[in-house]
Amino acid sequence: MKILSTREMLKKAQREGYAIPAFNIHNLETLQVVVDTAAELRSPVILAGTPSTIAYAGGEYIVAMAETAAKEYDIPIAIHLDHYEDVEAIKHFIDLGFKSAMIDASHLDYEDNIRIVREVVEYAHKFDATVEAELGRLGGQEDDLIVDEKDSKYTNPEQARDFVERTGIDSLAVAIGTAHGLYQGEAKLDFDRLKEIRDMVDVPLVLHGASDVPDELVKKAISLGICKVNVATDLKIPFSDAVKKYFNENPTANDPRKYMTPGKEAMKKIVAHKIMVCGSNGKA
Ligand code: 13P
């Protein structure tokens, strides 16, 4: 298969009532874990990279690695630009082969958010790429993007309808109580708000900040219309804990093939678990 946009995979998930997991990857190892596990479980999958990840790993390397995976495995694979604020950067990476992007202008005022998102949509659609945008704002930390709790804002359902109509986006990231990273206390999701948003718009809805949220709450969100579930922190922690453990037990180790392997194995379990929570297994 080729690298796909998220259009068909999200529409199918929306019709059939499951979600596509979007896993944040950072390098060859994390990308391998995600695609190998998704292929084993026959799940469509989205590989997401934030601006700092793409700067770290290199956009061309990510495209080349994802293309290799797409040739190897007969499952739908998309690569997605996550939380991009820079319109020119998005255009550049679409030219490079990314077929899906989130333009995050949620920090701007409403009309500016619409104007910038619209510009990205017009460009992306010429290349058959899909666009996600956020209305409202999640708190917490995603790579280098830090949003203070006091600056977070829930999605307004009425405004969501206007936003989707005027921007022409393919999917909408909603702020209903999740946050990026780990929670202080328990995650509380505003399901009534999610229902209202679902009634107002027809595009697939996206749940950011799904790490550290109990499985039942993620499943309930999916049953109420979430079609894409973003996971980053829950993968980073087991990977790095397993590598730390390996070095504790083997202080003189220096072979990346050895010390990366336990990290990959630990991450794989979580990737498999999240796919099952999303219900995307067997849907490829
Ligand atoms: P978590 O790190 O909380 O899983 O958030 C991931 C995310 O929303 C990526 O956009």
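Parameters and conventions
- Residues numbered from 1 in each chain as written.
- Predicted model: local features only at pLDDT ≥ 70, side-chain atom pairs only at ≥ 80, totals over all residues.
- Heavy atoms only, no water.
- Helix = DSSP H or I, 4+ residues; strand = E, 2+ residues; numbered from the N terminus.
- Rg over C-alpha atoms; globule rule 2.2 N^0.38 Å.
- Contact = heavy atoms within 4.5 Å.
- Areas by Shrake-Rupley, 256 points an atom, 1.4 Å probe, with all protein chains shown as cover.
- Lys, Arg positive; Asp, Glu negative; His and termini not counted.
- Charge placed at Lys NZ, Arg CZ, Asp CG, Glu CD.
- UniProt positions renumbered as here; feature names shortened; annotations may be inferred.
- Buried < 20%, exposed > 50% of the residue type's maximum accessible area, 1.4 Å probe, protein only.
- Near = heavy atom within 4 Å.
- Polar contact = N/O pair within 3.5 Å; in protein donor to acceptor, adjacent residues only side chain to side chain.
- 1 Å grid on protein atoms, 1.4 Å probe; cavity = no way out; pocket = protein on both sides within 12 Å on 5 of 7 lines; lining within 4 Å.
- Sits in = over half its atoms within 2 Å of the grid points.
- Nonpolar A, V, L, I, M, F, W, Y, C, P; charged D, E, K, R; others polar.
- Axes fitted to C-alpha atoms, helices over the stretch in contact; angles between N-to-C directions.
- Left-handed = near helix turned anticlockwise from the far one by under 90°.

Enquirer: Honestly, the overall build of the protein in this entry has me stumped. Any pointers?
Expert: Helix and strand counts for the protein stand at eleven helices and eleven strands. On C-alpha atoms alone, the protein measures out to a radius of gyration of 18 Å, which is about the 19 Å that the 2.2 N^0.38 rule sets for 284 residues. Viewed in the frame of its principal axes, the protein has a C-alpha envelope of about 60 × 40 × 35 Å. Long-range contacts, defined here as pairs at least 24 residues apart, represent 73% of the contacts in the protein between residues at least 6 apart. Surface exposure of the protein reaches about 12,600 Å², of which carbon and sulfur atoms provide 50%. In the protein, 34 positive and 47 negative side-chain charges are present, and the distance between their average locations comes to 4 Å.

Enquirer: Looking at this model, I keep getting lost on the UniProt feature "binding site: Zn(2+) 2" (unreviewed entry) in the protein. Mind explaining?
Expert: Here the UniProt-annotated "binding site: Zn(2+) 2" (unreviewed entry) positions come out as Asp104 and Glu134. In summary, the annotated positions, though distributed over 31 residues, converge in three dimensions, the widest C-alpha pair being only 6.1 Å. Position of aspartate 104 among the secondary structure elements: in the loop between strand S5 (100-103) and helix H6 (110-126). Along the chain, the position of glutamate 134 falls in strand S6 (residues 130-135). Given a relative accessible area of 2%, glutamate 134 falls into the buried group. For glutamate 134, the contacting residues outside a window of four places in its chain are His83, Met102, Ile103, Asp104, Ser106, Asn113, Phe163 and Ala173.

Enquirer: Can you walk me through the site of the ligand in this structure?
Expert: Neighbouring residues of the ligand: 15 residues in total, closest Asp82, Gly209, Ser211, Ala232 and Thr233. In this structure, histidine 180 approaches the ligand through a side-chain N or O atom, which is 3.1 Å from an oxygen atom. Take glycine 209: an N or O atom from its main chain is 2.7 Å from an oxygen atom of the ligand. Its free accessible area being 300 Å², the ligand has 100% of it covered by the protein chains. Using a 2 Å cut-off from the grid points, one finds that the ligand occupies the largest cavity. Those elements that provide at least two residues to the shell around the ligand are strand S4 (77-84) and strand S11 (226-231). Counted by class, the shell around the ligand contains four nonpolar, nine polar and two charged residues.

Enquirer: Where do I start with the environment of alanine 242 in this structure?
Expert: Relative to the elements of secondary structure, alanine 242 occurs in helix H10 (residues 233-249). Alanine 242 sits in the buried class, given a relative accessible area of 15%. Sequence separation between alanine 242 and threonine 261 is 19 residues; the distance between their C-alpha atoms is 8.8 Å. Those residues in contact with alanine 242 that lie beyond four places of it in its chain are Pro262, Gly263 and Ala266.

Enquirer: Can you help me understand the packing of H6 against helix H7 (residues 157-167) in this one?
Expert: At a closest axis distance of 9 Å, the pairing of H6 and H7 adopts a crossing angle of 35°. Relative to H7, H6 is oriented so that their crossing is right-handed. Here Tyr110, Glu111, Asn113, Ile114, Val117, Arg118 and Val121 of H6 lie close against H7, whose contacting residues are Gln159, Asp162, Phe163, Arg166 and Thr167. Classifying every residue of the contact of H6 with H7 by side-chain character gives five nonpolar, three polar and four charged.

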